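Residues per chain, in single letters:
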Amino acid sequence: MTTSKVLTPFIAKSTKDCLVANTKQGRKYTLINPVNAKSHNYFYYQTQSAEIQHALECAKQAQESWASESPAHRASILRRAATIISQSKELLSELETSDTGRVIRETKYDVDEGIECLNYYAGLANSLGGEMYKLSGTNLGYTLREPLGVTVGIGAWNYPLQGALWKSVPALAFGNSMIFKPSEYTPSTALWLAECYAEAGVPKGVFQVVLGDGQVGDELVKSDLVSKVSFTGSVGVGQRVYETAARGMKKVTMELGGKSPLILFDDAELENAVSAAMLANFYSNGQVCSNGTRVFVHESIIEEFVDRLVERTKKLRIGDPRDANSDIGPMANKDQFEKVLSYVDSGIKEGASLLYGGTRVNDLPEELRDGYFLSPAIFTNCTDDMTICREEVFGMLMSILSFSSEEEVITRANNTEFGLASGVFTRDIQRGHRVVEKLQAGVTWINNYNLAPINLPWGGYKYSGIGRENGTGSIESWTQLKSVYLEMGSVECDYPK
């Protein structure tokens with residue numbers, strides 16, 4: 001009989017004595033393996049209010065001393081964390097794959113990108129400074145970049161490790177403390193990261209992890225001790241988090257949903273265009289907020305494009321995500337599995353043509369047949385007003401739309417409440433620049449898709465979010481600016497003496 005393991009939040013008992021708290025009073029969460037729909041051999045209990053308040057107090061106390069450390073010292077700790085992660089690549093990628101169902105090849109990339117993130121902000125921390133201004137006479141003015149204080153990170157279930165790193169690394173680099181709440185579905189790598197930080201030398205209380213659903217997140221966001229909230233997730237939940245944070249005048253970063261356009265002009269290199277369309281829809285089993293799920297194809301190449309797309313999609317290997325040969329794994333959880341199937345039904349009912357896929361995969365080894373495996377869905381004969389072309393599906397469902405002119409496709413691409421990402425494929429580099437300048441999206445690509453180098457800011461327009469993660473854009477997200485006026489002479493005063 002297999003003994004179940006209890007996952008516990010990583011909370012500082014005090015700034016002098018850290019422990020991994022063990023609470024059994026909250027709701028019990030049993031984690032489900034998406035490969036076979038059976039329980040993993042571990043579970044956890046939701047972090048309770050008393051522990052959350054304790055974590056907040058510890059974060060406040062620890063942040064004050066952490067902020068007083070030199071940027072070089074904080075940077076050295078982040079570099080040690082990068083080294084620890086580099087020595088644990090296999091373990092981390094296996095944890096991530098186990099929780100999310102994403103294929104091991106992809107989660108290994110995530111680990112490498114996490115190392116890059118730590119090293120990037122270790123360098124940026126040392127270069128962060130203010131500006132000096134010459135004022136009247138001999139007077140001077142200057143600015144200081146200061147940390148915000150106690151911050152909260154709330155992660156999503158599709159990229160749990162990346163989310164924890166994108167939020168915590170700049171926060172810690174610039175002198176903040178953070179309490180991080182991973183998705184209730186995918187807590188494993190955030191807990192591992194907390195242990196990694198502790199081993200690297202991050203002081204107790206500077207980075208803590210609490211576990212549970214939105215109730216836990218809501219309590220964190222409401223706290224008067226919190227100065228900043230960074231949230232990744234759906235628009236609906238993000239709006240509620242934003243409203244709660246606004247009542248406390250807290251700074252926020254919101255990375256929300258998308259319904260991004262991928263535009264393929266008539267001069268696009270066909271094979272690259274097909275590759276990008278597949279990556280923009282099928283990578284991470286389609287569970288990527290920036291995915292280019294509205295694929296606009298010029299009418300002169302659409303037939304050739306679709307033929308080649310289907311030909312290559314049929315070759316995708318769907319199977320155990322732990323197998324290095326698998327291209328596609330299961331959906332992350334049952335709810336998302338059923339949601340995608342419901343959108344497939346919607347597309348058919350509204351008149352789109354299901355050209356390929358969109359069904360449960362049964363041709364699998366017996367041990368995988370109960371898993372949440374779907375075949376990638378490709379729809380043609382789509383129109384802009386169809387549900388599958390307006391709403392975020394968050395799964396492998398590609399909608400192909402025909403267009404005839406540049407002006408037309410720009411107008412249609414922008415006709416959405418979202419604005420996270422967009423892509424353009426053309427050999428005409430002038431057209432590429434011209435089009436992306438007119439697209440209402442925070443992240444754009446010309447002749448590629450879904451690459452996210454850490455030194456480029458990431459974030460959306462419209463309902464896709466507020467603020468930016470990554471790059472120097474994150475400086476504004478994780479610090480506040482103080483102005484200082486230095487008087488070198490006497491105070492001029494016309495009042496009587």
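These numbers were taken from a predicted model, which means no experiment stands behind them.

1. Comments concerning the overall build of the protein chain
Helix and strand counts for the protein chain stand at 15 helices and 23 strands. For a compact globule of 497 residues, the expected C-alpha radius of gyration is about 23 Å, and the protein chain comes in at 24 Å, within 12% of that figure. By principal-axis analysis of the C-alpha atoms, the protein chain measures approximately 85 × 65 × 40 Å. Residues counted as buried form 55% of the 497 residues belonging to the protein chain.

2. Here's the deal with helix α14 (residues 429–438)
Spacing of three or four residues puts side chains on the same side of an α-helix, whose turn is 3.6 residues. Arg431, Gly432, Val435 and Val436 are the residues of α14 that are buried. Buried residues of α14 fall within an arc of 125 degrees about the axis and therefore sit on the same side. Projecting away from the buried face of α14 at angles above 90 degrees are the exposed residues Gln430 and Glu437. The secondary structure elements touched by the buried residues of α14 are β13 (261–264), α13 (406–413), β19 (421–425) and β20 (443–446). The backbone nitrogen of Gln430 lies 3.1 Å from a side-chain oxygen of the residue at the head of α14, namely Asp428.

3. Comments concerning the confidence of the model for the protein chain
A residue-level look at the protein chain finds 97% of positions with pLDDT of 70 or above and a mean pLDDT of 95. Here residues 14–23 scores under 50 on pLDDT; set against residues more than four positions off or in separate chains, the count is 31 contacts.

4. Concerning the pairing of strand β14 (residues 294–298)
Across a regular strand the side chains alternate sides, sitting on one face of the sheet and then on the other. By the criterion of burial, β14 is predominantly enclosed, with five of the five residues buried. The two faces of β14 match: Arg294, Phe296 and His298 on one face and Val295 and Val297 on the other face are all buried. Pairing of β13 with β14, which is carried by four bridges, proceeds in the parallel orientation. Its bridge partner lying in β14, Leu262 is registered against Val295.

5. Structural notes on the sheet that holds strand β7 (residues 140–147)
The strand order β6-β7-β23 describes an open sheet built from three strands, whose pairing is antiparallel. Of all strands in the sheet, those bounded by a partner on one side alone are β6 (132–134) and β23 (479–486). Going from strand to strand, the sheet's axes swing by 20 degrees on average, the running direction of each strand aside.

6. Focus on the packing of helix α2 (residues 71–86) against helix α5 (residues 160–173)
Orientation of α2 relative to α5, taken along the N-to-C sense of each, is 150 degrees, at an axis distance of 9 Å. Our classification of the angle between α2 and α5 gives roughly antiparallel. Between α2 and α5, the contacting residues are Arg74, Leu78 and Ile85 on the first element and Leu165, Val169, Leu172 and Ala173 on the second. Residue composition of the contact of α2 with α5, by class: six nonpolar, no polar and one charged.

7. So, the sheet that holds strand β17 (residues 397–403)
If you walk across this open sheet you meet the seven strands as β15-β16-β17-β14-β13-β19-β20, and the pairing is mixed. This sheet does not close on itself; its edge strands, each paired only once, are β15 (353–356) and β20. The average angle at which neighbouring strand axes cross in this sheet is 20 degrees, direction not considered. Contacts from helix α10 (residues 302–313) reach β13, β14, β15, β16 (377–380) and β17 within the one sheet, and its direction differs from that of β17 by about 165 degrees. Seen against the sheet, helix α11 (residues 334–349) touches β15, β16 and β17 and runs at an angle of roughly 20 degrees to β16.

8. Some remarks on the packing of helix α4 (residues 104–127) against α5
Contact geometry for α4 and α5: axes closest at 9 Å, N-to-C directions at 10 degrees. Classified by the interaxial angle, the pair formed by α4 and α5 is roughly parallel. Contacts between α4 and α5 involve Val111, Glu113, Gly114, Cys117, Leu118, Tyr121 and Ala125 from the first element and Leu161, Gln162, Leu165, Trp166, Val169, Pro170 and Ala173 from the second. Residue classes in the contact of α4 with α5 are distributed as eleven nonpolar, two polar and one charged.

9. Examining unusual backbone geometry
Most peptide bonds take the trans form, and the phi angle of most residues other than glycine is negative. Look at Met249: it is not a glycine, yet its phi comes out positive at around 55 degrees. Within the secondary structure, Met249 is located in the loop between α8 (235–247) and β12 (251–255). Residue Met249 is classed as exposed on the basis of its relative accessible area of 75%. Phi at Asn381 is positive, roughly 55 degrees, even though this residue is not glycine. Structurally, Asn381 can be placed in the loop between β16 and α12 (387–390).

What counts, and at which threshold
Residues numbered from 1 in each chain as written. Predicted model: local features only at pLDDT ≥ 70, side-chain atom pairs only at ≥ 80, totals over all residues. Heavy atoms only, no water. Helix = DSSP H or I, 4+ residues; strand = E, 2+ residues; numbered from the N terminus. Rg over C-alpha atoms; globule rule 2.2 N^0.38 Å. Buried < 20%, exposed > 50% of the residue type's maximum accessible area, 1.4 Å probe, protein only. Arc of directions from axis to C-beta. Contact = heavy atoms within 4.5 Å. Polar contact = N/O pair within 3.5 Å; in protein donor to acceptor, adjacent residues only side chain to side chain. pLDDT = per-residue confidence, 0-100. Pairing = 2+ DSSP bridges. Axes fitted to C-alpha atoms, helices over the stretch in contact; angles between N-to-C directions. Parallel < 35°, antiparallel > 145°, perpendicular 65-115°, else oblique. Nonpolar A, V, L, I, M, F, W, Y, C, P; charged D, E, K, R; others polar.

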